[in-house]
Amino acid sequence: MRRAARHVAALPGLVSTPADAALLARMAAWWIALPLLKRTTPLPRLVRFAQLDPRRTERDSEQEAKVAALAEWLFKARPRATRDNCLERSLVTYRFLGRLNAAPELVVGLGVTEDATVGHVWVTTDGRPVHDQQESLEQYESVAVFTSDGRRSELREGAAGPAELQRQSKRVDG
């Protein structure tokens with residue numbers, strides 16, 4: 001209960017205007033819909049569905065930081081078992097940063113630990129991760145990158161694909 005109280009107490013610092021509240025409400029609609037959508041919709045189609053054309057011509061770093069902070073807050077609001085799902089958080093962040101003309105990229109990565117292949121999804125702007133520390137992403141090889149227009153881009157030469165990573169692993173986690 002204390003964690004929930006602290007979580008709610010942080011909200012006034014994030015939502016200070018009616019526009020912030022409207023943004024949070026739009027993000028919350030995706031927060032509600034994504035657990036079902038991600039199980040029924042192939043990822044490329046889901047990314048195209050999440051993609052929004054920019055409404056602005058110039059970047060606004062304060063608004064971009066607001067989107068990232070609200071997405072983090074929103075996805076930590078769930079019960080522990082479903083909290084902070086990287087795919088869902090990244091799709092919401094990708095959508096709303098795209099609207100701000102931040103040119104986000106959605107990256108899907110796979111990594112191999114001693115006994116499993118693990119996956120992670122993150123968003124970058126200007127080549128830097130939005131929610132993750134760069135060092136934490138070094139264990140992953142990019143297997144798909146979706147540009148801000150919703151299209152899948154070509155992977156760089158020499159990147160390991162999912163089949164190669166799975167062969168290196170003893171089992172695959174779902």
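So, here's what we can say about the structure. (Residues numbered from 1 in each chain as written. Predicted model: local features only at pLDDT ≥ 70, side-chain atom pairs only at ≥ 80, totals over all residues. Heavy atoms only, no water.)

## Examining the environment of T147
Cut-off, in case you're wondering: The numbering of helices and of strands both runs from the N terminus, where a helix is a DSSP run of H or I of at least 4 residues and a strand a run of E of at least 2. Contacts are assigned to residue pairs with any non-hydrogen atoms lying within 4.5 Å of each other.
Inspection of the secondary structure assignment puts T147 in the loop between β4 (141–146) and β5 (152–153). Separated by 44 residues in the primary sequence, T147 and A103 have C-alpha atoms spaced 7.5 Å apart. Setting aside residues no more than four positions away along its own chain, T147 makes contact with Y94, P104, E105 and S153.

## Brief notes about the pairing of strand β2 (residues 117–125)
Selection criterion: Think of it in three bands: residues with accessible area under 20% of the maximum for their type are buried, residues over 50% are exposed, and the middle band is partly exposed, with areas taken using a 1.4 Å probe on protein chains only. At least two bridges found by DSSP between two strands are what make those strands a pair.
Across the 9 residues that make up β2, a large majority, 7, are buried. Pairing between strand β1 (residues 105–112) and β2: 8 bridges, direction antiparallel. Opposite V108, over in β2, you have V121 as the bridge partner. Adjacent in sequence and paired antiparallel, β1 and β2 are bridged by 4 residues. Of the strand pairs in this sheet, β2 and strand β3 (residues 128–129) are connected by 2 bridges, and their pairing is antiparallel.

## With respect to the packing of helix α4 (residues 43–50) against helix α6 (residues 86–99)
Which entries qualify depends on this criterion: Helix axes use the C-alpha atoms of the stretch in contact, all axes being lines fitted to C-alpha atoms, and the angles between their N-to-C directions lie in the range 0 to 180 degrees. Note on residue classes: Ala, Val, Leu, Ile, Met, Phe, Trp, Tyr, Cys and Pro are nonpolar, Asp, Glu, Lys and Arg are charged, and everything else, Gly too, is polar.
Following both chains from N to C, one finds α4 and α6 inclined at 35°, their axes separated by 9 Å at the closest point. Each of L43, L46, V47, F49 and A50 in α4 lies in contact with α6, whose residues at this interface are L87, L91, Y94 and R95. Residues of the contact of α4 with α6, tallied by class, amount to 8 nonpolar, no polar and 1 charged.

## A word on the packing of aromatic side chains
What counts, and what does not: Classification of ring pairs uses Phe, Tyr and Trp, with its six-membered ring standing for Trp, and accepts pairs whose centres are within 6.5 Å; under 30 degrees between planes counts as stacked, over 60 as edge-to-face, and the remaining range as tilted.
Under the defined criterion, the tally for this structure stands at 2 aromatic pairs. Measuring from centroid to centroid gives 5.3 Å for W30 and F49, while their planes differ by 45°, and the two rings are tilted. One end of the pair, W30, is in helix α3 (residues 18–40); the other, F49, is in helix α4, with 19 residues separating them in the sequence. Classification of W30 by relative accessible area gives buried; the value is 10%. Between W122 and Y140 the ring centres are 5.9 Å apart and the planes differ by 45°, which places this aromatic pair in the tilted class. Pair noted here: W122 is in strand β2 and Y140 is in the loop between β3 and β4, with a separation of 18 residues, a long-range link. The two residues W122 and Y140 agree in class, both being buried.

## Considerations on α3
Going by this rule: Helices are assigned an expected span. That span is 1.5 Å times one less than the residue count. What the bend at a residue measures is the angle between two axes, fitted to the seven residues ending there and to the seven starting there.
Taking 1.5 Å per residue as the helical rise, α3 with its 23 residues ought to reach 33 Å, and the 33 Å between its terminal C-alpha atoms agrees with that figure. The largest bend in α3 amounts to roughly 50° and is located at L34, with the proline P35 lying one to four residues further along.

## Section: the packing of α3 against α6
Counted only if it meets this: Each angle is binned into one of four classes, with values under 35 degrees roughly parallel, values over 145 roughly antiparallel, values of 65 to 115 roughly perpendicular, and all other values oblique. When the near helix sits turned anticlockwise from the far one by under a right angle, the crossing is termed left-handed; a clockwise turn instead gives a right-handed crossing.
Remark: α3 packs on α6, axes separated minimally by 9 Å, with the N-to-C direction vectors making an angle of 135°. Classified by the angle their axes make, α3 and α6 are oblique. Like other packed secondary-structure pairs, α3 and α6 cross with a definite hand, here right-handed. Where α3 abuts α6, its residues L23, R26, M27, W30, L34, P35 and K38 lie against L87, E88, L91, V92, R95 and F96.

## Some details on the sheet that holds β1
What the 5 strands build is an open sheet, ordered β3-β2-β1-β4-β5; its pairing is antiparallel. The open sheet has two free edges, formed respectively by β3 and β5, since each of these has just one partner strand.

## Looking at the nonpolar core
Quick note on the threshold: In these notes, a set of buried Ala, Val, Leu, Ile, Met, Phe, Trp, Tyr and Cys residues joined through side-chain atoms within 4.5 Å is what counts as a nonpolar core.
Ranked by size, the top nonpolar core spans 33 residues in total, and within it M27, V67, L74, L91, V92, F96 and L106 carry the most contacts. Those elements that provide at least two residues to this core are α3, α4, α5 (61–75), α6, β1, β2 and β4. With 7 residues, α6 is the largest single contributor of residues to this core. Non-local contacts of M27, meaning those with residues more than four positions away in its chain, are made with V67, L70, A71, L74, V92 and F96. Judged by nonpolar contacts, the second largest core, of 5 residues, contains V107, L137, Y140 and V145.

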